[in-house]
Structure formats: C-alpha cells, structure tokens
Amino acid sequence: MPIKILSIDDSRTIRLIVTRALMPYDCVVVEAANGQEGLAAAAREKPDLILLDITMPVMDGVTMLAELRQDPALKDLPVIMLTAESGRENVLHIAKLGVHDYLVKPFRAEQLIEKASRAVRLERKADKAA
Amino acid sequence: MRSFETEMIARRFGLEPIPESVLRLTNLIARQDADLEAIAKVIREDPALTARLLRMTQRPGRNEQPSDESAVEIALMRSGLGLVFLLAMGDLLTRALKKTFTVMLALKLDAVNPRDVTPITEEHMLCEVDFRGKAIGKIQLRLTEQTGRMLAARMLSVPADLLSSSGEKDDAVNELANMIAGNFLSNLADAGLPCQLTVPIVYRTSEFTIRSVAGGICERMAFRSPEAKMFLDVSVNPWNDGRGALK
C-alpha cells in the first residue's frame with residue numbers, strides 16, 4: 001500500500017509543488033484548501049501524514065490542528081506544519097498542540113522529503129520496483 | 001525576551017535566528033524608551049545599516065560619510081524614531097524577499113537604488129499585505145505582468161506559455177508575497193513587535209505612487225536580476241499614535 005499524504009494549503013501553487021516533490025516516491029497525495037476541508041479529508045482518507053499550512057480562509061491550520069487532536073480517531077496522525085510563520089512564541093504554542101515537525105516557507109523539495117521521511121517510510125518508486 | 005523553551009523549539013525545528021544588530025535595534029524601538037545614543041551605537045556597529053541610514057537621510061548637496069564621527073547621530077536627530085523603525089524593517093524585508101526568491105525560484109535578486117530602476121508606467125500587478133499590532137503598516141510588491149508570468153512559471157517548473165490562466169500567475173505571486181510577509185512578521189514578533197497579517201491580495205493598477213497608512217512613513221525598495229525587476233513598498237506607523245520623535 002502506498003503512503004497517503006494529505007496536503008492542506010490554500011495556495012494551489014504550494015499544493016502542486018508538494019505533489020511534484022513527492023512524485024518520485026511511492027505515495028498518494030490528497031489535497032485540501034483549508035482546515036475545514038482538511039478535517040473532512042483526514043476523517044475520510046485516514047492519511048499517514050498531514051502537511052498543514054497556518055494562514056488559510058474558512059479555518060486556519062492552528063484551529064484545525066487543535067480539533068484534530070480532540071478527535072479520538074485522528075489525534076495520533078503525524079502533522080508537519082508547512083508555513084511562512086516562524087515567530088518563536090507562535091511555534092512554541094503550535095508545538096504544544098502536538099506536531100511532528102515544522103518546515104518554514106520558503107522551502108526546498110529536499111527539505112520537505114527529509115522531514116517527511118522522518119515521519120513516514122518514503123520509498124522511491126524505482127527502488128520499490130527493483 | 002527569549003525563553004529557554006522557545007530556543008529549544010527553534011533548535012529542534014531548525015528555525016533561523018535574525019541578525020543580532022537588527023534584533024537589538026528592533027528591541028530598542030519596541031521598548032519605546034530608547035535614547036538616541038543607544039540606537040546610534042547599534043547602527044554604527046553595522047556598516048550596512050549605517051550606509052542605508054545615511055542614504056535615507058542624505059540632504060541634497062551634502063555627502064556625509066559613515067566614517068564621520070557624528071554622522072549617525074545627526075541623521076537620527078534629523079529623521080526621528082519612525083525612520084529607525086523603517087530602517088530595521090527594510091533590512092528584515094530585504095532578507096525575507098531575497099531568501100524567498102533564491103529558495104523557491106533559484107532567482108538571485110540584488111537590492112538596488114530605486115532611482116536607478118525605470119518605473120513601471122503601464123498597468124501592473126500589485127500584491128498588498130496589511131499588518132496591525134504594536135505597529136500598523138502595509139507591504140506592497142509591484143511587478144509587471146511579464147515578470148509575474150515568469151515567476152509563476154519558475155515556481156511551477158513549467159514553460160511560461162504553458163500557464164493556463166492568470167489565476168495561476170496570481171496564486172504564485174500571492175504565495176511569494178505571503179512568504180515574504182510571513183517571514184518578516186515572524187522576525188518582528190521575535191524582536192518584540194508582534195503583529196497580525198492580512199491575507200495577501202493581488203490586483204492591477206496603473207498608479208505607481210506608494211500608498212501610505214495614516215500618519216505613516218514609507219520607503220520604496222527596488223530589486224533586480226537579469227530577468228526581472230520589482231519594487232517593494234513599505235509604509236508604517238510605528239506606534240499607531242502619531243508619535244515618532246526621538247527623546
């Protein structure tokens with residue numbers, strides 16, 4: 001079974017960059033454009049990893065994270081924050097809600113893969129075929 | 001004040017520190033009781049900040065040099081605290097912009113004197129972000145449609161003629177502005193000036209004048225690479241109460 005990754009960001013550009021970065025790996029990327037859609041997608045898809053932005057319309061990433069951690073069925077899902085916000089106090093508050101890792105935008109694809117690999121077992125498609 | 005806990009978190013997640021001189025300068029401003037001597041000392045220790053302050057406050061026909069003993073103090077007395085705030089902000093914004101373009105687009109931008117760059121006279125893209133907190137202000141990124149198209153294409157790693165809609169271009173420029181503003185405001189928060197950020201909005205305009213916030217002071221910065229030019233305008237009211245003179 002391929003790894004399932006849920007990418008939640010209101011920017012279609014970022015969702016595309018994330019999907020493209022993960023393309024060489026044996027994984028499926030599911031997308032959502034805000035926290036509300038993200039919660040629904042998390043309940044429906046039961047992803048192995050969530051990549052979560054903060055500043056989004058409808059429901060922001062911090063609110064979504066707090067709700068996720070309240071849900072007995074979803075509370076243990078690993079979350080990596082992928083956001084431009086990196087103020088120390090803000091990051092501390094988010095870390096206390098429970099995140100696996102934190103990646104600050106702007107980011108390189110390699111940084112994303114490195115952090116994702118620490119949360120889930122990412123295998124290159126070519127390696128798996130061999 | 002940074003706690004041990006926040007520093008541990010910063011180390012765990014690999015968060016970058018802001019330059020010491022800018023941090024000290026912004027901390028002084030945030031205290032609101034800083035005197036001219038303390039601010040001048042911090043600026044004098046950083047040649048880039050010194051040069052920028054003197055350039056911003058230069059009087060026609062005069063040519064103060066950073067080596068002049070009292071040049072920084074005179075410039076500060078002439079300009080007031082508002083300009084010092086703008087000086088620190090401009091440094092943080094420039095760093096955020098250069099980093100965003102280097103990392104996301106492999107595009108090296110040089111900061112240049114805005115007077116040396118031809119203004120944009122046609123209708124162009126303007127991405128605007130407002131911030132509000134201890135200070136209020138506005139950040140605006142201006143670029144031509146052609147530059148916006150090139151940036152979006154680079155960000156999405158597709159040829160520019162394969163971009164299907166202006167929506168793709170706007171979304172990419174929006175996200176770039178979001179990264180610049182987000183990094184900038186995170187640095188401000190770390191320096192003791194927490195502010196809230198609005199969602200960036202892209203629109204078109206033919207007007208090339210800086211839009212200032214009420215009672216604010218502003219600065220235009222320009223950036224250039226062989227492929228692109230753009231302008232970054234920042235307008236700020238440091239205390240949101242009209243105060244701005246040094247004690």
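Above this text sits the structure in question.
Visitor: If you had to explain the overall build of chain B to someone new, which residues and values would you point to?
Guide: When helices and strands are counted, chain B shows eight helices and seven strands. Principal-axis analysis of the C-alpha atoms gives chain B an extent of 55 × 50 × 35 Å. Relative to its full complement of 247 residues, chain B shows a buried share of 40%. Of all intrachain contacts in chain B linking residues separated by at least 6 positions in sequence, the fraction that spans at least 24 positions is 66%.

Visitor: So, the overall build of chain A: which residues are in play, and what are the values?
Guide: Along its length, chain A carries six helices and five strands. In sequence order, the secondary structure elements of chain A are arranged as β-α-β-α-β-α-β-α-β-α-α. Relative to a compact globule of 130 residues, whose C-alpha radius of gyration would be 14 Å, chain A shows 14 Å and is just as compact. Referenced to the eigenvectors of the C-alpha coordinate spread, the extents of chain A come out at roughly 45 × 30 × 25 Å. When each of the 130 residues of chain A is scored for burial, the buried share is 43%. Contacts in chain A between residues at least 24 apart in sequence constitute 59% of all its contacts with a sequence separation of at least 6.

Visitor: I'd like a rundown of the packing of helix H4 (residues 47-57) of chain B against helix H6 (residues 81-105) of chain B, residues and numbers included.
Guide: Residue and element names in this part refer to chain B. The contact between H4 and H6 brings their axes to 11 Å, and the two run at 130°. The angle between the axes of H4 and H6 places the two elements in the oblique class. Classified by chirality, the crossing of H6 by H4 is right-handed. Where H4 approaches H6, its residues Leu49, Arg52, Leu53, Met56 and Thr57 are matched on the opposing element by Leu83, Leu87, Gly90 and Asp91. Grouping the amino acids of the contact of H4 with H6 by side-chain chemistry returns five nonpolar, two polar and two charged.

Visitor: Go over the environment of Lys134 of chain B, please, and point to the residues and values.
Guide: Residues and elements named next belong to chain B. For Lys134, the position within the fold is in the loop between strand E2 (124-133) and strand E3 (136-143). The spatial distance from the C-alpha of Lys134 to the C-alpha of Leu105 is 33 Å, given a sequence separation of 29 residues. Setting aside anything within four residues of it in sequence, one finds Lys134 in contact with Ala30, Leu193, Pro194 and Cys195.

Visitor: Outline helix H3 (residues 61-70) of chain A, supporting the account with residue identities and numerical values.
Guide: Two residues of an α-helix separated by three or four positions point the same way, owing to the 3.6 residues in each turn. All names here are of chain A. What H3 keeps buried is the set Gly61, Val62, Met64, Leu65 and Leu68. Buried positions in H3, seen along its axis, are confined to an arc of 160° and lie on one side of it. Summarising the contacts, the buried residues of H3 are in contact with strand E1 (3-8), helix H2 (35-45), strand E3 (49-52), strand E4 (79-83) and helix H4 (88-98).

Visitor: How would you summarise the interface of chain A and chain B if you had to cite specific residues and measurements?
Guide: Between chain A and chain B, the contact holds 25 residues from the first and 27 residues from the second. At the level of secondary structure, the elements contributing two or more residues to the side of chain A that touches chain B comprise helix H1 (12-22), H4 and strand E5 (101-104) of chain A. Among the elements that line the side of chain A that touches chain B, the one with the most residues is H4 of chain A, at six residues. Looking at the side of chain A that touches chain B, its residues break down into 11 nonpolar, six polar and eight charged.

Visitor: Could you give me a rundown of the environment of Val99 of chain A, with the residues and numbers involved?
Guide: Residues and elements named next belong to chain A. Position of Val99 relative to the elements: it lies in the loop between H4 and E5. Separated by 19 residues in sequence, Val99 and Ile80 place their C-alpha atoms 6.1 Å apart. For Val99, the residues in contact, after removing those within four places along its chain, are Val79, Ile80, Met81 and Ile94.

Visitor: Run through the sheet that holds E5 of chain A, naming residues and quoting values.
Guide: Each strand in a sheet pairs with another by means of backbone hydrogen bonds, the pair being arranged parallel or else antiparallel. Residue and element names in this part refer to chain A. Strand order in this open sheet of five strands is E2-E1-E3-E4-E5, and the pairing throughout is parallel. Both edges of this open sheet fall to strand E2 (27-32) and E5, since each of them pairs with a single strand only. Pairwise comparison of adjacent strand axes, ignoring direction, gives a mean angle of 20° for this sheet.

Visitor: Go over the nonpolar core, please, and point to the residues and values.
Guide: Ranked by size, the top nonpolar core spans 98 residues in total, and within it Leu51 and Leu52 of chain A together with Val84, Ala88, Leu93 and Ile180 of chain B carry the most contacts. No other element matches H6 of chain B, which puts 15 residues into this core.

What counts as what
- Residues numbered from 1 in each chain as written.
- Chains lettered and ligands numbered in written order.
- Predicted model: local features only at pLDDT ≥ 70, side-chain atom pairs only at ≥ 80, totals over all residues.
- Helix = DSSP H or I, 4+ residues; strand = E, 2+ residues; numbered from the N terminus.
- Buried ≥ 20, exposed ≤ 12 C-beta atoms within 10 Å, placed from the backbone.
- Contact = placed C-beta atoms within 7 Å.
- Rg over C-alpha atoms; globule rule 2.2 N^0.38 Å.
- Axes fitted to C-alpha atoms, helices over the stretch in contact; angles between N-to-C directions.
- Parallel < 35°, antiparallel > 145°, perpendicular 65-115°, else oblique.
- Left-handed = near helix turned anticlockwise from the far one by under 90°.
- Nonpolar A, V, L, I, M, F, W, Y, C, P; charged D, E, K, R; others polar.
- Arc of directions from axis to C-beta.
- Pairing = 2+ DSSP bridges.
- Core = buried A, V, L, I, M, F, W, Y, C linked by C-beta atoms within 7 Å.

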